Amino acid sequence: MSLTEKYDVAVVGAGPAGLSAAYYLAKKGFKTIVLERGREVGSKSVFGGKIYADPLKEIYPNFNTMPIHRWVKKERISIMPNYDEMVTIEYSSSGSVAFTAYLTEVVKWMGIQAESAGAQIVTDVPVTSLYREGDKFSGVVVGQEVLKSDVVIDAEGANRLVLEASGLVKPLKPNLVALGVKEILKGDSKQIEDNLGLSPNEGVAWVIVGAATNYLPGGAFLYSNRDSVSLGVVLLLDKAIEGLGSHVSELLETLRTSNALKDKLKGLRISEYAAHLIPEDVWSFRPSKLAYDGLLIAGDAAGLLLNAGYTYRGVDFAAYSGYLAGKAVESAHGSGGYSYENLKVYEQMLEESIIMRELKKFKGVHKLMSDKALFSVYPILLGEMVRLMFESSDGPYKAFESLRMACKKANCSFYKLISDAYSLVMSL
């Protein structure tokens, strides 16, 4: 990389958003460079394990060569009242709209596509800030040097050091993000299928709430890969700081060794551990604008991640926002330059896309996820209700009677329960 060389487009971050933008623009003939802080493409990429496919199919004509592990055919949601019990709902289908994968592999694949299209990717380069000439962004600062470009796409992820140093966002606050930690538990494909009740090549996405997070707002997840399982927990960071009382890795270990999960994980060994920050209150997290003179912001840096409570969308939204950023740059180029007036088409494209449609649909979920009772009182209440229905020595009790008795034991108002249940259904 020569810092004296000027580029049409400089992309900050070699994740799904940055690489999808670079791939699209390089294909269209733009001289594009991607600057990645990590030592190699994918080295800093962390996520749970499930990716929705359709947006990626639109971006990449050769999508079928992507390193997919399993197509998700089973969706499980479990309430864990304690580490011995779970109440589970499972949806099983012959079709699938999402798959499991290692994000490091997916991002490396995306990097190959971008380079094959003509983009230049440079790793181990920490961009320190954006470079301005007057009111226009026209490059990036790397150490004490400047790399100039006609337009910049910031796709640096949730830890927005470049945008913060450039005065476009404020330092992260704990109430805006969640902390995700996960382990990769290795085995072989048959072990995974036998342990989790899967057919060959079938995948499961599993969300668990309650004791799994020590009754704190958040959730645990389990995704089946080809020959491994991704097991992790996600906690609202401010609630974890207030109430966890131990290192989050201990919480994950307790979950992994719990009676409720140990048979699902038998014979597997820990091969990796990772952690990262996740935009949670995305409406407060997102910058005031996503387009400026000479600048677009995409992916997690823009807060374009969905927590629907029972499923998550991040990688496909990030990649698709990068793709739309690329299209916006192409449009602005054809309109005479990279002013805000020309680049704001990006914000319009986002508004009309599945990204903003889904984010708006689930706008109330963050407030719901901050309700401590949802993760502490109600999992215990549900566990007691189901125990009375199926395991009581002087039962079985009718469902309504079990619910009434469980409410009394949990010191929970029946009317508040109905009100909260209504809010939950309306939010989700």
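Model, not experiment: these values are computed from the prediction.

Trainee: Sorry, what's going on with the nonpolar core here?
Mentor: Within soluble globular proteins, side chains that are nonpolar generally end up buried alongside one another. Ranked by size, the top nonpolar core spans 104 residues in total, and within it Ile153, Val329 and Tyr346 carry the most contacts. Residue contributions to this core peak at 11 residues, all from helix 9 (residues 315-335). If we ignore the near neighbours within four places in the chain, the residues touching tyrosine 346 are Leu290, Leu296, Ile297, Ala298, Leu304, Ser321, Leu324, Ala325 and Ala328.

Trainee: Can you help me understand helix 15 (residues 377-390) in this one?
Mentor: Residues separated by three or four positions in an α-helix point in the same direction, a consequence of the helix having 3.6 residues per turn. The first and last C-alpha atoms of helix 15 sit 20 Å apart over 14 residues, in line with the 20 Å expected at 1.5 Å per residue. Along helix 15, the residues classified as buried are Tyr378, Pro379, Leu381, Gly383, Glu384, Met385 and Leu388.

Trainee: Whenever I open this one, the pattern of salt bridges confuses me. Can you help?
Mentor: Close approach of charged atoms allows side chains with opposite charge to pair. The final tally for this structure, using the stated rule, is 18 salt bridges. Across the salt bridge formed by lysine 108 and glutamate 40, the nearest N and O atoms sit 3.5 Å from each other. With lysine 108 in helix 3 (residues 103-117) and glutamate 40 in the loop between strand 2 (32-35) and strand 3 (50-52), this residue pair connects regions lying 68 residues apart in the sequence. Judged by relative accessible area, which is 38%, lysine 108 ranks as partly exposed. Residue glutamate 40 is classed as partly exposed on the basis of its relative accessible area, which comes to 43%. Between arginine 313 and aspartate 316 there is a salt bridge whose closest N-O contact spans 2.5 Å. Exposure class is identical for arginine 313 and aspartate 316. Each is buried. Salt bridges sharing common partners tie together Lys74, Arg76 and Glu90.

Trainee: Help me understand the packing of helix 1 (residues 16-27) against helix 9, please; the structure alone is not making it clear to me.
Mentor: Helices that pack against each other are described as a pair by the angle of their axes relative to one another and the distance between those axes. Following both chains from N to C, one finds helix 1 and helix 9 inclined at 35°, their axes separated by 7 Å at the closest point. Crossing handedness for the pair helix 1 and helix 9: right-handed. The segment helix 1 lies against helix 9, with Pro16, Ala17, Ser20, Ala21, Tyr24 and Leu25 engaging Val315, Ala318, Ala319, Ser321, Gly322, Tyr323, Gly326, Lys327, Val329 and Glu330. Among the residues forming the contact of helix 1 with helix 9, the class breakdown is 10 nonpolar, four polar and two charged.

Trainee: Where do I start with the pairing of strand 13 (residues 218-224) in this structure?
Mentor: Sheet faces and side chains relate simply in a regular strand, where the side chains alternate between the two faces. Among the seven residues of strand 13, seven are classified as buried, and the element is accordingly described as predominantly covered. Pairing of strand 12 (residues 202-210) with strand 13 involves four bridges; the strand directions are antiparallel. By the bridge assignment, isoleucine 208 is partnered in strand 13 with alanine 220. In the sheet, strand 13 pairs with strand 14 (residues 228-236) via seven bridges, with the strands oriented antiparallel. Bridging from a neighbouring strand, phenylalanine 221 pairs with glycine 232 of strand 14.

Trainee: What's the story with the pairing of strand 2 in this structure? I'm lost.
Mentor: Side chains of strand 2 alternate between two faces, with Thr32 and Val34 and Ile33 and Leu35 buried alike. As paired elements, strand 1 (residues 7-12) and strand 2 share four bridges and run parallel to each other. Note on strand 2: the bridge partner recorded for valine 11 is valine 34. Handedness of the crossover joining strand 1 and strand 2 through helix 1: right-handed. Strand direction decides the pairing type here: strand 2 and strand 7 (residues 120-122), joined by three bridges, are parallel. By the bridge assignment for strand 7, isoleucine 33 is matched with glutamine 120.

Trainee: What is the right way to look at unusual backbone geometry in this model?
Mentor: The bulk of non-glycine residues show a negative phi, and the bulk of peptide bonds are trans. One non-glycine residue, aspartate 124, adopts positive backbone phi at about 60°. Mapped onto the elements of the fold, aspartate 124 is located in the loop between strand 7 and strand 8 (127-133). A positive phi angle is found at tyrosine 215, which is not glycine, with a value near 65°. Structurally, the position occupied by tyrosine 215 is in the loop between strand 12 and strand 13. You can call tyrosine 215 partly exposed: its relative accessible area is 24%.

Trainee: Would you take a moment to explain the packing of helix 1 against helix 3 for this structure?
Mentor: One way to put it is that helix 1 packs onto helix 3 with a least axis distance of 8 Å and a crossing angle of 20°. For the element pair helix 1 / helix 3, the angle class is roughly parallel. Along this stretch, helix 1 crosses helix 3, giving a crossing that reads as left-handed. In this structure, helix 1 uses Pro16, Leu19, Ser20, Ala22, Tyr23, Ala26 and Lys27 to contact helix 3, whose residues at the interface are Leu103, Val107, Met110, Gly111, Gln113, Ala114 and Ala117. The residue inventory of the contact of helix 1 with helix 3, partitioned by class, reads 10 nonpolar, three polar and one charged.

Trainee: Quick question: what am I supposed to make of helix 16 (residues 399-409) here?
Mentor: For helix 16, every residue scored as buried is listed here: Ser402, Leu403, Ala406 and Cys407. End-on, the buried residues of helix 16 take up no more than an arc of 135°, which puts them together on one face. In helix 16, the exposed positions angled more than 90 degrees off the buried face are occupied by Phe400, Lys408 and Lys409. Asparagine 411 lies just past helix 16 and shows a positive phi near 55°.

Trainee: Explanation requested: the packing of aromatic side chains in the structure shown.
Mentor: Centre distance and the angle of the planes are the two values used to describe a pair of aromatic rings. Under the criterion given, the structure shown has 10 aromatic pairs. When the centroid spacing of 6.2 Å and the interplanar angle of 70° are considered together, the rings of tyrosine 310 and phenylalanine 362 count as edge-to-face. Of this pair, tyrosine 310 sits in the loop between strand 18 (306-307) and strand 19 (312-313) while phenylalanine 362 sits in the loop between helix 12 (354-361) and helix 13 (365-369), placing them 52 residues apart in sequence. For tyrosine 310, a relative accessible area of 34% puts it in the partly exposed group. Connected via pairs of aromatic rings, a cluster forms that spans Tyr23, Tyr60 and Trp109.

Each value, and the rule that gives it
- Residues numbered from 1 in each chain as written.
- Predicted model: local features only at pLDDT ≥ 70, side-chain atom pairs only at ≥ 80, totals over all residues.
- Heavy atoms only, no water.
- Core = buried A, V, L, I, M, F, W, Y, C linked by side-chain atoms within 4.5 Å.
- Buried < 20%, exposed > 50% of the residue type's maximum accessible area, 1.4 Å probe, protein only.
- Helix = DSSP H or I, 4+ residues; strand = E, 2+ residues; numbered from the N terminus.
- Contact = heavy atoms within 4.5 Å.
- Expected span 1.5 Å × (residues − 1).
- Salt bridge = Lys/Arg side-chain N within 4 Å of Asp/Glu carboxyl O.
- Axes fitted to C-alpha atoms, helices over the stretch in contact; angles between N-to-C directions.
- Left-handed = near helix turned anticlockwise from the far one by under 90°.
- Nonpolar A, V, L, I, M, F, W, Y, C, P; charged D, E, K, R; others polar.
- Pairing = 2+ DSSP bridges.
- Right-handed = clockwise from strand over helix to strand, strands pointing away.
- Parallel < 35°, antiparallel > 145°, perpendicular 65-115°, else oblique.
- Arc of directions from axis to C-beta.
- Phe/Tyr/Trp six-rings, centres within 6.5 Å; stacked < 30°, edge-to-face > 60°.

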